[in-house]
Amino acid sequence: MTTKLFGEPIPRREDPRLVTGRGRFLDDLGGRALAAAFVRSPHAHARVVDIDVAGALDVEGLVAVYTWDDLGGRVGEPLPLLIPHPALTHGRTGYPLARDVVRHVGEPVAMVVATDRYLAEDAADRILVGYEPLPPVVGIEAAAAADHLVHEDVPGNAGARLVQEVPGPDGLSAPAAIERAPHRLEFRLAIERSASMPLEGRGVYARWDADDESLRVYSSTQTSTSVRMAIAAKLDLPPAKVEVIAPDVGGGFGVKIVHPWPEEILVPWAARLLGREVKWTEDRREHFTSSAHERGQVHFVRVGFDDEGRILGLDVRFLHDHGAYTPYGIIVPIITSTQLLGPYKVGAYRVEFTSLYTNTVQVTPYRGAGRPQGVFCMERTMDRVAVHLGRDRTLVRAANLIQPGDFPYDQGLTFQDGRPLIYDSGDYPELLRMVKELIGWDDFGKAQTEAAVRGRRLGLGLACYVEGTGVGPYEGGHVEVDSSGRVHVSTGLTSQGQGHQTVFAQIAAAELGVPIEDIRVTTGDTRRFRYAVGTFASRAAVLSGNAIALACRALRDKALRIAADALEADPRDLEIEDGIVRIRGNPAASIPLRTVAVLSNPLRYAFDEEAARATQFAVGGSTDQPPVAEGEQPGLEGTQYYSPVRSTFAAGAHAAIVETDPDTAEVRVLRYAVVHDCGRLINPRIVEGQIHGGVAQGIGGALYERLIYDEHGQLLNASFMDFLMPYATEIPAIETAHLETPSPLNPLGVKGAGEAGVIPVSAVIAAAIEDAEGIRIEEMPISPDDLFRLRERARRAAGESSGAEAGEARPV
Amino acid sequence: MTEERLDVEMTVNGVPRGARVPARRLLSDFLRHDLGLTGTHVGCEHGVCGCCTVLLDGEPVRSCLMFAVGAAGHAVTTVEGLAAPGGSPSPVQRAFAECHALQCGFCTPGFLCTVTALLRDRPRPTDDEVMAGISGNLCRCTGYQNIVKAVHRASELMAEAE
Ligand code: FES
Ligand code: FES
């Protein structure tokens, strides 16, 4: 029965194309287009003094060179600040091409268009830009010291400062509660920069139709609808004359939600100016230095707690490095500051962040978007509290968990969508119990001791998280049944590998009662659906999934009304199965949905036999009623939107066992366990895949990936050779278990799943290494070098203290 | 400045193909842009990600690290050529779809070519051999769990077909 499709691990419908080389990614399109290449700043901070293009002019195939002076109109204005916030008092964005100052290595300075990419790059190489270097600001602490400024008019390099405070149940502020608490701790925790790093970079391909004065743009984006609005505004075109399509997108993970990128404005602009197709495909080095990074934050935590480990007050101040510009506002630090609390009640809470400019690539959300840092703070705090009290780490957590009877639970904060942070549902004690069981928490001590006897160092770590998913404002779904019985489903948000063609088809098949083979899903194509927000914040299944379900329900009602007329039955007695509407209990009385589709559109002209059934002399019925009943529309189709009051909160707990090498300080993850609750599962296999991928990115972020800038603001590891993403050999087998607490907020009861895997990994791995080594881990990622140095430091400190006790001279 | 162009001919997926290209044309660009075989992907252009892997006389190579002229006269197989002549997907292609071994699909053509060669040489690989075999290809989406499964599954499908 088709309705079973919801919740089934069916194979993906996108795969037959993708495994045979028939994917259509951005650079697979526009074979005849001109190619664009960019001259980018080699300096982290400099004034552009002059640009000499003469050398480029004799490159064969050169079509055009543009600098900021050529842009004009709105194209020459700064790029939009996408998410303004009252606390972002000094928001700054770059120009599509640098105007007078460049603020990070990789900032675009000139655009070259030529007949092919090789030639465009030849020409770009011959453009001489004169720079007058300015002192660069690199690193969070240097930014805070503010000896130099990234933007002359931003004092202290501070773009934003935001405080949120929640008093404890006794009305005490966090600092007061901490002061009065029986126990207090204070420490610094830091996370370094990483990046989304999809294997397909960004890319834009534009065609101008001079006759129609319209533009078609393909972009490797996570939001085609918003790119369309941005291009229309910048190029001063009516939106109806711009269409934007996200083709197959080779991964996004957050970086492709940013828009409009300079290239997304410049490529269409040049295509119109030149009357030619123009395409730009980002290369890997460009992706490293000219897109976006995330994660870099330094946190100062103060916590007060009782003898059980119950947190009475938590005060977190942190510095967020947002790079050279703030196009995406302060979403990342807002998420850190609100999602930090996770599944816990902490008494009084105060959080304050300062968002700082540095002369590095801008910072915008990367999968997890500030949550990995927040969870790192909270979970490291739990571990510190447990060590301080000498209690089991899971007992301290259990003492602080929100209980199943507490929902809806209001954390008293304002979330990233401007709405109250109210958790809708969950069962956190059960998550903790399940993950302990899955990893074998209670038996680990024995294994650890036995291993130690054989000279092996094992450690166990655990972390919990809550993830606000499915943020608004809305998404929509359009469903149409054509006269051949095919069902066309479309939604405006885009896909980057999440299997939307499969899960949205599962939803539609279940709701409509049609075979999934008859369903075709389109995403991210503004020709089909114009109103949408985008794919980020684990929101696609929640927002578009529910919108599609609602559209299907409305369409089903309409189909039953029309079929009831045709079958002379009561719509309430009808059901749809396998694409056939029939009277329940009377299978002989039935009408295929495709015929209902024909009847739904009263015709004057017949173009085939099926259509003839709907023409004016063929249909019976009353002649004193209009052919299209009042309040109805022709066609078996409809659009619905889903706009949630607030986010729905997924949650989970991860645990890992690691082994550290006593000599080389290498860290191996021996086991990794995930317990995850994203409400009702639409396709468990796809959810599992999302978790696997997230955990792998998390392990990369915990052990291997960091973006290293030198003091001049040069990114030292801007290649896959030096920025170490995990291969298969670095990722352990991932064990998973699911809990399903449906969301009461949406019709399908689903929660988002896309980011969950990555969120707690650094916290888990840090805890496990700490457990193996007996050394505090306060900064991630951690390389063998880092761990080796920590060991040396611990050894020296131990030597010093024992030396001091023995009254000996200290080692130098 | 006019660049010299050379006639480059090779057998691609069993069919003789050729184009007139500059000496510096990468094999990956030649396949994608001159021959229109866009199934081969480019993720880094510096030999690390493996997205551009194709089979050159049956052996996996990184087409971004080779000039097209260097492949002249040789036989190249791309992802478009992995299916049986009738178009039915190869066991490796089937196994990847069956095991959910791809998400965005950008790395997939490289993995498929790599694994096809791996299983030809080692039809029943051990876990370690699978790991070693795929350890030169990056995937940012799947966490590799299902790719490992798919390699074993493909080996089973091949055995069943015999
Ligand atoms: S594109 Fe050839 S290895 Fe990455
Ligand atoms: S499936 Fe996206 S990179 Fe592998």
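Residues numbered from 1 in each chain as written. Chains lettered and ligands numbered in written order. Predicted model: local features only at pLDDT ≥ 70, side-chain atom pairs only at ≥ 80, totals over all residues. Heavy atoms only, no water.

Side note on the overall build of chain B
What counts, and what does not: In DSSP terms, a helix is any run of H or I states spanning at least four residues, a strand is any run of E spanning at least two, and both are numbered starting from the N terminus. A radius of gyration in this sense is built from C-alpha atoms; the matching globule rule multiplies 2.2 Å by the number of residues raised to 0.38.
Helix and strand content of chain B: five helices and five strands. Moving toward the C terminus, one meets the helices and strands of chain B in the order β-β-α-β-β-β-α-α-α-α. Over its C-alpha atoms chain B spans a radius of gyration of 16 Å, differing by no more than 12% from the 15 Å that the globule rule assigns to 162 residues. For chain B, the spread of C-alpha atoms along the three principal axes comes to 55 × 30 × 25 Å.

Comments concerning the sheet that holds strand 3 (residues 53–56) of chain B
All names here are of chain B. Basically, it comes down to this: By the convention used here, strands pair only if DSSP detects at least 2 bridges between them. To obtain an axis, a line is fitted to C-alpha atoms, over the contacting stretch when the element is a helix, and the angle between two such axes runs from 0 to 180 degrees between their N-to-C directions. In this description, contact between two residues means that some pair of their heavy atoms is separated by no more than 4.5 Å.
An order of 2-1-5-3-4 is seen for the five strands of this open sheet, with the pairing classed as mixed. A strand with exactly one partner marks an edge of an open sheet, and here the two such strands are strand 2 (15–22) and strand 4 (59–62). Looking at each pair of strands side by side, their axes are set apart by 40° on average, direction ignored. Relative to strand 5 (residues 75–77), strand 1 (residues 5–12) is paired through two bridges, and the arrangement is parallel. The residue of strand 5 that forms the bridge with Thr11 is Ala75. The sheet strands contacting helix 1 (residues 27–34) are strand 1, strand 2, strand 3 and strand 5, and the helix crosses strand 2 at an angle near 110°. Across the face of the sheet, helix 3 (residues 108–121) comes into contact with strand 3, strand 4 and strand 5 while running at roughly 40° to strand 3.

Observations concerning the sheet that holds strand 8 (residues 183–191) of chain A
Residue and element names in this part refer to chain A. Spatial strand order, 7-15-14-13-8-29: six strands in an open sheet with mixed pairing. Bordering the open sheet on either side are strand 7 (158–166) and strand 29 (779–780), each of which pairs with just one other strand. Note: strand 13 (residues 297–305) against strand 14 (residues 311–321), nine bridges, orientation antiparallel. Of the residues in strand 14, the one forming a bridge with Phe300 is Arg317. Each of strand 7, strand 13, strand 14 and strand 15 (348–356) is contacted by helix 9 (residues 331–339), which is oriented at about 165° to strand 15, the strand it contacts most. Along the sheet face, helix 10 (residues 371–389) touches strand 8, strand 13, strand 14 and strand 29 and points at about 140° away from the line of strand 8.

Section: the confidence of the model for chain A
The predicted coordinates should not be examined in detail at positions where pLDDT is low. Basically, it comes down to this: pLDDT runs from 0 to 100 and stands for how confident the predictor is about each residue.
When the pLDDT values of chain A are averaged, the result is 93; 98% of them are 70 or greater. Per-residue pLDDT stays below 50 along residues 804–812 of chain A; that stretch engages in four contacts with residues further than four places along the chain or on separate chains.

Quick notes on the pattern of salt bridges
Pairing between side chains becomes possible if they bear opposite charge and their charged atoms approach one another. All names here are of chain A. As a reminder, the rule being used: A pairing counts as a salt bridge when a side-chain nitrogen of Lys or Arg comes within 4 Å of a carboxyl oxygen of Asp or Glu. Between buried and exposed lies partly exposed: a residue is buried under 20% and exposed over 50% of the maximum accessible area for its type, with that area taken using a 1.4 Å probe on protein chains only.
This model, assessed by the stated rule, comprises 68 salt bridges over all chains. Arg202 is paired through a salt bridge with Glu282; the nearest N and O atoms lie 2.8 Å apart. Note that Arg202 is positioned in the loop between strand 8 and strand 9 (203–209) and Glu282 in the loop between strand 12 (278–281) and helix 8 (284–290), a separation of 80 residues in sequence. For the pair Arg202 and Glu282, one class covers both residues: buried. Here Arg310 and Asp306 are joined by a salt bridge, their closest N and O atoms 3.1 Å apart. One network of salt bridges, in which partners are shared, links Arg40, Arg117, Glu121, Arg202, Glu263, Glu282, Asp283 and Glu286.

Here we look at the interface of chain B and chain A
Under the convention used in this document: Polar contacts here mean pairs of N or O atoms no more than 3.5 Å apart (in protein, one a potential hydrogen donor and the other a potential acceptor; neighbouring residues in sequence count only if both atoms are side-chain atoms). As a working rule, the residues Ala, Val, Leu, Ile, Met, Phe, Trp, Tyr, Cys and Pro are called nonpolar, Asp, Glu, Lys and Arg charged, and the rest polar, with Gly in that last group.
Across the boundary between the two partners, chain B contributes 50 residues, which contact 55 residues of chain A. On inspection of chain B and its partner chain A, the count reaches five salt bridges. A salt bridge links A:Asp122 to B:Arg24; the shortest N-O distance between them is 2.6 Å. Counting the contacts that link chain B with chain A gives 22 residue pairs in polar contact (both at pLDDT 80 or more). Those elements that place two or more of their residues in the side of chain B that touches chain A are helix 1, helix 2 (91–98), helix 3, helix 4 (127–134) and helix 5 (145–161) of chain B. Among the elements that make up the side of chain B that touches chain A, the one with the highest residue count is helix 2 of chain B (four residues). When the residues that make up the side of chain B that touches chain A are grouped by side-chain class, the tally is 22 nonpolar, 19 polar and nine charged.

Let's talk about the domain arrangement of chain B
All names here are of chain B. Definition in use: An automatic or database domain assignment supplies the residue ranges for each domain. Here's the idea: put two parts together, see how much 1.4 Å probe accessible area each one loses, and the total over both is what we call buried area.
Considered domain by domain, chain B is made up of domain 1 (5–81) and domain 2 (91–161). Centre-to-centre separation of domain 1 and domain 2, based on C-alpha positions: 22 Å. With 18 residues of domain 1 at the contact, the number on the domain 2 side is 15 residues. Contact between domain 1 and domain 2 buries roughly 1200 Å² in total, counting both sides, with carbon and sulfur atoms accounting for 59%. Per-residue buried area on domain 1 facing domain 2 is highest for His41, Cys51 and Val79; these three make up 37% of the total on that side.

Focus on the domain arrangement of chain A
Residue and element names in this part refer to chain A. Taken domain by domain, chain A holds domain 1 (31–134 + 196–290), domain 2 (368–470 + 646–800) and domain 3 (472–642). Taking the mean C-alpha position of each, domain 2 and domain 3 sit 43 Å from one another. In total, domain 2 and domain 3 occlude about 1400 Å² of area from one another, counting both sides; carbon and sulfur atoms represent 60% of this. Summed over the shared surface of domain 2 and domain 3, the number is zero salt bridges. At the boundary of domain 2 and domain 3, one finds five residue pairs in polar contact (both at pLDDT 80 or more). Secondary structure elements with two or more residues in the side of domain 2 that touches domain 3: strand 18 (457–469) and helix 18 (684–704).

Considerations on the environment of B:Cys107
Topologically, B:Cys107 is positioned in the loop between helix 2 and helix 3. Here B:Cys107 falls in the buried class, since its relative accessible area comes to 5%. Each C-alpha atom of the pair B:Cys107 and B:Gly39 lies 10 Å from the other, and the pair is 68 residues apart in sequence. Once you skip the residues sitting within four places of it in the chain, B:Cys107 turns out to touch A:Leu199, B:Cys51, B:Leu138 and B:Cys139.

Considering the side chain of A:Arg539
Residues and elements named next belong to chain A. Among the secondary structure elements, Arg539 is positioned in the loop between strand 21 (519–523) and helix 15 (540–567). Residue Arg539 is classed as buried on the basis of its relative accessible area of 0%. Side-chain polar atoms of Arg539 contact the backbone oxygen of Tyr474, separated by 3.3 Å. Setting aside residues up to four positions removed in sequence, Arg539 forms contacts with Gly470, Val471, Gly472, Pro473, Tyr474, Glu475, Leu493, Val533, Gly534 and Ser544.

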